[in-house]
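One letter stands for each residue in the lines below.
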Amino acid sequence: MGAQDTAGTLRAISAELSDRFYERDDVVRTLVVTLLAGQHSLLLGPPGTAKSELARELTGRIEGASYWEILLSKFTAPTRMFGPIDVAALARGEYRQVYEGRATTAHIAFIDEIFKCSTAALNETLGFLNERIYHPENGGEPIRCPLIGAITASNELPEGEDSAAIYDRLLVRIEVGYLADPSNFAALVRSAVSRPAAPVRTTVALAALRRAVTEAVPGIAVPDEIVDAVCTLRAALRRKELIASDRRWRQAVRLLQAAAYLAGRPVVTATDLSVLTHVLWDSPAERPTVEREVLHLVNPDAKEALDLADTLDELEAQLDAMAGQSREALSEWVIKNAHHKLATAGKRLERLRAEAAAAGRSTATIDRVTGRQRAVRARVLTEALGVDASMVGAQL
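In this text, all values refer to a predicted model and were calculated from it rather than measured experimentally.

A. Fine view of the environment of Ile-85. Considering the arrangement of structural elements, one finds Ile-85 in the loop between helix H4 (78–82) and helix H5 (87–91). The partly exposed category is assigned to Ile-85, whose relative accessible area is 24%. For the pair Ile-85 and Tyr-95, spaced 10 residues apart in sequence, the C-alpha separation works out to 7.2 Å.

Structural data, given as structure tokens:
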């Protein structure tokens with residue numbers, strides 16, 4: 001399979017997963033880009049947001065790959081992760097570990113509750129993520145692990161220096177929340193009792209993915225104007241006291257190449273810089289600032305879309321504050337306030353998308369804010385006006 005064929009296959013996989021997992025388009029694409037860059041990602045969000053299912057479904061599309069997953073706790077021993085003791089060999093006086101089916105033989109790893117890594121396993125986990133090596137319990141030469149990338153998940157941010165060391169090694173951080181659009185939630189509930197047809201399931205061969213990671217992605221050109229843009233972004237973030245390490249910036253270049261490769265382009269363009277919104281923050285509170293600075297360079301349309309997102313946030317906060325009020329009061333608020341702002345935002349987003357598409361710019365952020373506009377409008381229809389949630393999709 002050629003490089004572009006592999007990229008097309010991965011785009012097909014991304015599209016299928018985006019159809020299956022509601023409101024996860026950007027999450028899916030970013031996870032694929034991170035694997036192509038040979039880096040590790042963190043899915044950060046509350047329980048029950050399909051983090052584990054999404055990771056398994058994505059990694060299950062890689063034919064021939066050895067997959068390993070684990071749910072960590074403070075009591076997880078290194079041998080459980082990297083290879084238990086061979087009891088039969090021990091009875092013969094031999095100290096040997098069994099590596100098959102463990103992290104040491106995995107091409108793709110999913111590590112749930114990553115920040116609950118035990119102190120005993122910390123150094124080996126860091127070595128596994130950083131250098132792709134494991135030091136056997138009985139000493140000897142380090143074992144080279146075939147790991148392409150790890151997808152990790154957590155319900156909370158790290159606490160303490162030990163978990164912070166792991167957090168720093170996860171180049172990409174993706175926030176995952178509960179479904180916002182009531183119509184998507186209604187579809188989710190219906191899926192629990194219906195029998196949908198078997199979905200199309202595109203797969204990619206491990207060898208093809210490896211060639212993409214080791215040959216095709218590093219071969220993507222990074223022009224001087226992109227280097228200049230990265231330098232400008234770094235300076236802008238430093239002025240806001242958002243400082244990423246030099247190592248993180250350097251590793252992010254491969255992400256830019258991977259984003260261009262997935263899009264089918266031989267050279268990095270300004271559009272690819274949008275992936276940096278998942279790289280350059282430590283606290284989720286910093287993410288909006290990073291996103292605005294990135295989009296200031298990438299796409300003025302997207303920056304205006306984020307301003308519209310602020311308006312949508314305000315409307316949703318007002319709706320929350322009015323919980324428990326009479327239907328009459330809610331209807332009056334909709335008529336005098338919400339309806340006009342939602343309609344104006346929707347029309348402006350349509351125009352922004354058309355302008356961006358005509359100019360060949362990315363519409364990803366505009367599409368995300370458009371989804372947000374639909375979700376807020378759906379909440380207004382269901383909670384303020386009493387429209388049935390199953391009917392909302394037809395009215396949007």
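Having seen the structure, we can now continue with the description.
B. Structural context of the sheet that holds strand E7 (residues 149–154). The strand order E3-E4-E7-E1-E8 describes an open sheet built from 5 strands, whose pairing is parallel. At either end of the open sheet lies a strand with only one pairing partner, and these are strand E3 (67–71) and strand E8 (172–175). Strand-to-strand twist across the sheet, computed as the mean angle between neighbouring axes with direction ignored, equals 15°.

C. Quick peek at the layout of surface pockets. Taken as a whole, the second largest pocket encloses approximately 620 Å³ of empty space. Of all the elements in the fold, those that place two or more residues in the lining of the second largest pocket are helix H1 (3–20) and helix H8 (182–191).

D. Representation of unusual backbone geometry. We note that Ala-50 has phi near 65°; this positive angle belongs to a residue other than glycine. Even without a glycine there, the phi angle at Glu-113 is positive, about 50°. Take Glu-113: it is sitting in the loop between strand E4 (108–112) and helix H6 (119–130).

E. Inspection of helix H14 (residues 327–358) at higher detail. Relative to the 46 Å expected for 32 residues at 1.5 Å per residue, H14 spans 43 Å between its end C-alpha atoms, a close match to the ideal helical length. Along its length, H14 shows its largest kink, about 50°, at Val-334. Structurally, H14 contributes buried residues whose contacts are with helix H13 (300–321) and helix H15 (364–384). Of the residues flanking the end of H14, it is Gly-360, one or two places downstream, whose phi is positive at about 75°.

F. Examining the nonpolar core more closely. Leu-36, Leu-276 and Leu-280 are the most contacted members of the largest nonpolar core, which totals 112 residues. Contacts of Leu-36, omitting those with residues within four sequence positions, involve Leu-10, Leu-209, Ala-212, Val-213, Val-217, Ala-258, Tyr-261 and Leu-262.

G. Molecular detail of empty space enclosed by the protein. In this structure the tally under the stated criterion is 1 cavity of 30 Å³ or more. One number sums up the size of the largest cavity: a volume of about 60 Å³. If you trace the largest cavity, you find it lined by Leu-10, Ile-13, Val-32, Leu-35, Leu-58, Ile-62, Val-204 and Leu-209. Secondary-structure elements contributing two or more residues to the lining of the largest cavity are H1 and helix H2 (25–36). When the residues that make up the lining of the largest cavity are grouped by side-chain class, the tally is 8 nonpolar, no polar and no charged.

Reading the values: rules and limits
- Residues numbered from 1 in each chain as written.
- Predicted model: local features only at pLDDT ≥ 70, side-chain atom pairs only at ≥ 80, totals over all residues.
- Heavy atoms only, no water.
- Helix = DSSP H or I, 4+ residues; strand = E, 2+ residues; numbered from the N terminus.
- Buried < 20%, exposed > 50% of the residue type's maximum accessible area, 1.4 Å probe, protein only.
- Pairing = 2+ DSSP bridges.
- Axes fitted to C-alpha atoms, helices over the stretch in contact; angles between N-to-C directions.
- 1 Å grid on protein atoms, 1.4 Å probe; cavity = no way out; pocket = protein on both sides within 12 Å on 5 of 7 lines; lining within 4 Å.
- Points joined across faces, edges and corners; volume = space filled by probe spheres on them.
- Expected span 1.5 Å × (residues − 1).
- Bend = angle between axes of the 7 residues up to and from the residue.
- Contact = heavy atoms within 4.5 Å.
- Core = buried A, V, L, I, M, F, W, Y, C linked by side-chain atoms within 4.5 Å.
- Nonpolar A, V, L, I, M, F, W, Y, C, P; charged D, E, K, R; others polar.

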